Amino acid sequence: MINMVAVNEIHADDLFKEFKESSITEFFRKNRAHLGYSGKLRSLTTVIHEIVTNSLDACEEAGILPEIYVRIEALGKEHYKIKCVDNGPGIPLKHISSVFGKMLAGTKFHRNVQLRGQQGIGVAGVTLFSQTTTGKPITVKTSTGKGKVNELDLMIDITKNTADILRNEEYSEYWRGTEIDAEFKGVRFTLSERGPFEYLRRTAIANPHVKITFIDPEGRKTVFDRSNQKVPTPPIPVKAHPKGLEVDELINMAKANKARKVSSFLGVAFSRMSNARIKEIQEHVSFDLNKNPRKLTWAECEEIINAIDKIKFLAPPSEGLMPIGEKQIREAVLNIVDPEFEATLTRPTKVHSGGVPFQIEVAIAFGGNAGRNIGEGTKFELMRFANKAPLLFDAGGCAITRSASSVDWKRYGIRDFENAPMTLFVNVISTHIPYTSAGKQSISEDQNLLKEIRFALMEVGRKFQIYYSRLRKAEERELKKQILRKYSAAFAAALAELANRDEEKIKKELYVIIEEKISGMDAEEENGEELDAIPQEEIMKTESE
Ligand SMILES: Nc1ncnc2c1ncn2[C@@H]1O[C@H](COP(=O)(O)OP(=O)(O)O)[C@@H](O)[C@H]1O
Ligand SMILES: [Mg+2]
C-alpha cells in the first residue's frame, strides 16, 4: 500500500481537530468594521444612527409623532456616555432581550416594508460595541404605556448570541417609550460634517415631522423642531415586482409558498401579475403552470424569468413607498439652507434587482447657505439619504455619488461643479435598499438605481439652467441699460443746446425709450426659450449604460 502522507506533512484528521463553529455575534465582535464601528468619530455616529433610526421606525409604524432626545456626555478621554429617549410604542417585556441581545432578530427584515432598519442587527451591534469597549452592560428602560415600566441591564452572551439579563426591575409609572443608556470607549465627538450633530441635523431635514433635542458634550442644547405636524402613514408591505426578479429569489419564494399551482403562486406573490400576464408566461415556457410550485426546478425557474423579461408589466404600485414629498422637502430646504434657488422632484416608482420597488427624490439648492462652507469658500455638497436616514460615510462607493458625478453639470450652466455654492439632496426609498455593507452607509451601484438618480438630477439641473439663464439675461440687460443711460445723459445735454430745449425733459424721454426697447427684448427672449425636458442625447447616453 502506498502511504499518501510524507513524513513532514500533517494529516487532515489532525488539522480538523481544530474545526469549530462560531456565532454571528462572535463574528461581528471580531469584525466590527462591518457594522460601521471603525474610526473614533464614525463609531460614535453609528451608535446614534442605529438608535435614532429604530426610534423613527417604531414611531412611524405606531403612528406616533416622534420626539427624540439625545445626550452625549464626556466621561474621560475618548470615553462617552450616551442617553437616547424616544416617545415610541415601547418594547414588550418578552422581546426586550432579543432586541438588544440577539443579532439578526427584529420585526422588519421579513416584511418587505419601507423602513430604515432592515437586517435586525443594528441595536444588538450597539450593545456589543458598548460591552467590548467598556466591559459594562447597557441600560434599557421601556414601557408600552400600560402603567408598567421595565428597567434592565443587559449584555450579550457572545458564544450563544443571546442576552444576559443582569438586572430587571419593574415599577409602576405612566410613561411610554424607550430609553437607552450606554457607555463607549475609543470614540470621539466632534462637530465635523460626519459627526452626530450633522447626522441629527440631516435627519431633521429629511424628516420634517420629527422633533429632536440634542445636548452635546459641552452641554450645548440644540432643538431641531418639526416643520410638519402630520403623523406619517405607517408603511405597508409591498409584493415584489416580476421585473428584476432573479432565479434564486424565485425558487426560494416558490418553495416557501403554500399555493397548489405555480400559476396561483405567481398571482399571489407578485404585484402586477394578472391572469393575462400568467397566460403570456405559459405561452413562453415548456411546462404546465398547473404544477406544484414547490417542485419547480432551477431550469424551469430560469424559463419563467426569461419569459418575464419578454413581457410588459405595469410599473410597480407606489402605495408601499413613502416619499418625503416635494412640498416637505422644499420647506425643509428653504428652512435650513435658505437658497436663492431651489427645485425638488419625486420620480415615479421603478424596480431594482430582485423586483424590489424604489423611488428617487431629489432637490437642488443654489446660493444662500447652500453648499459646504470650508472657511475660505464654499464647496459643492451632496446630501445622501436612504429611506430618510442620512448617509455620512463611504461616499466614494455609493450609487448616489456616482450618479451625481456622472451628470454633465456644465450643460446646465454650472461650470465649476466642485466649487459651486450648491447642495444636492438625494433620497432613495425602497422596501429593500441594496447597501454595500451591514454598516448601511453607502448604496451599491445597481444599474437601475444609477439611471434613476441620474435622470432625477438631470431634471432638476434643467430647472436650474432655466433659472440661471434668466438671471444672467436679466443681469446683461441691466448692464446694457446702465450704459445707454450714461450715453443718453451726454446726448441730452448736446441736444438741449442745439435745439434750445430743456435738457432734463429730453433725458427723461430718452430713458423712456431705453426702458421700452429693453423690455421688448425681454418678451422676445422669453418666447423663444425652449423648455424641453432632458436633452435627447443625454437620455440615449443613460439608456445605453
Ligand atoms: N426604540 C425602539 N422602539 C420600539 N422597538 C424597537 C426600538 N428599537 C428597536 N426595536 C425593535 O427591535 C428590532 C431590532 O432592531 P435592530 O437590531 O436595530 O434591527 P432593525 O432595525 O434592522 O430591525 C426592531 O426590528 C424593532 O422591532
Ligand atoms: Mg435598526
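All of these numbers come straight from a predicted model, not from anything done at the bench.

### So, helix 6 (residues 196-206)
So, point 1. By the criterion of burial, helix 6 is predominantly enclosed, with ten of the eleven residues buried.
So, point 2. Turning to helix 6, its buried residues are Pro-196, Glu-198, Tyr-199, Leu-200, Arg-201, Arg-202, Thr-203, Ala-204, Ile-205 and Ala-206.

### Overview of the packing of helix 12 (residues 399-406) against helix 13 (residues 447-499)
To characterise two packed helices, one gives the angle between the axes of the helices and the distance between these axes.
So, point 1. Helix 13 packs onto helix 12 with a crossing angle of 45° between their chain directions and a minimal axis gap of 9 Å. When the interaxial angle is binned, helix 12 and helix 13 end up oblique. Our pair here, helix 12 against helix 13, has a crossing hand that is right-handed. Contacts between helix 12 and helix 13 involve Ala-399, Ile-400, Arg-402, Ser-403, Ala-404 and Ser-406 from the former and Leu-450, Ile-453, Arg-454 and Leu-457 from the latter.
So, point 2. Considering only residue class, the contact of helix 12 with helix 13 consists of six nonpolar, two polar and two charged.

### Details of the pattern of salt bridges
So, point 1. Counting across every chain of the model gives 38 salt bridges.
So, point 2. Between Asp-394 and Arg-42 there is a salt bridge, with its nearest N and O atoms 3.0 Å apart. Of this pair, Asp-394 sits in the loop between strand 15 (389-391) and helix 12 while Arg-42 sits in helix 3 (residues 40-62); the two residues are 352 residues apart in sequence, bridging distant segments of the chain.
So, point 3. Accessibility expressed as a relative area gives 34% for Asp-394, which makes it partly exposed.
So, point 4. Beyond isolated ion pairs, a larger network of salt bridges with shared partners links Asp-57, Glu-60, Lys-108, Arg-116 and Lys-388.

### Describing the pairing of strand 14 (residues 381-386)
So, point 1. Within strand 14, six of the six residues are buried, leaving the element largely enclosed by the surrounding structure.
So, point 2. On strand 14, burial covers both faces: Glu-381, Met-383 and Phe-385 on one face and Leu-382, Arg-384 and Ala-386 on the other are all buried.
So, point 3. By the bridge criterion, six bridges tie strand 14 to strand 16 (residues 422-430) in an arrangement that is parallel. Across the sheet, residue Arg-384 finds its bridge partner in strand 16, namely Val-426.
So, point 4. Looking at chain direction, strand 14 and strand 15 are connected through three bridges and run antiparallel. By the bridge assignment for strand 15, Arg-384 is matched with Leu-391.
So, point 5. Joining the antiparallel neighbours strand 14 and strand 15 is a turn of two residues, in which Asn-387 adopts a positive phi near 45°.

The rules behind these values
- Residues numbered from 1 in each chain as written.
- Chains lettered and ligands numbered in written order.
- Predicted model: local features only at pLDDT ≥ 70, side-chain atom pairs only at ≥ 80, totals over all residues.
- Heavy atoms only, no water.
- Buried < 20%, exposed > 50% of the residue type's maximum accessible area, 1.4 Å probe, protein only.
- Helix = DSSP H or I, 4+ residues; strand = E, 2+ residues; numbered from the N terminus.
- Axes fitted to C-alpha atoms, helices over the stretch in contact; angles between N-to-C directions.
- Parallel < 35°, antiparallel > 145°, perpendicular 65-115°, else oblique.
- Left-handed = near helix turned anticlockwise from the far one by under 90°.
- Contact = heavy atoms within 4.5 Å.
- Nonpolar A, V, L, I, M, F, W, Y, C, P; charged D, E, K, R; others polar.
- Salt bridge = Lys/Arg side-chain N within 4 Å of Asp/Glu carboxyl O.
- Pairing = 2+ DSSP bridges.

All we've got here are geometric facts, nothing functional implied.
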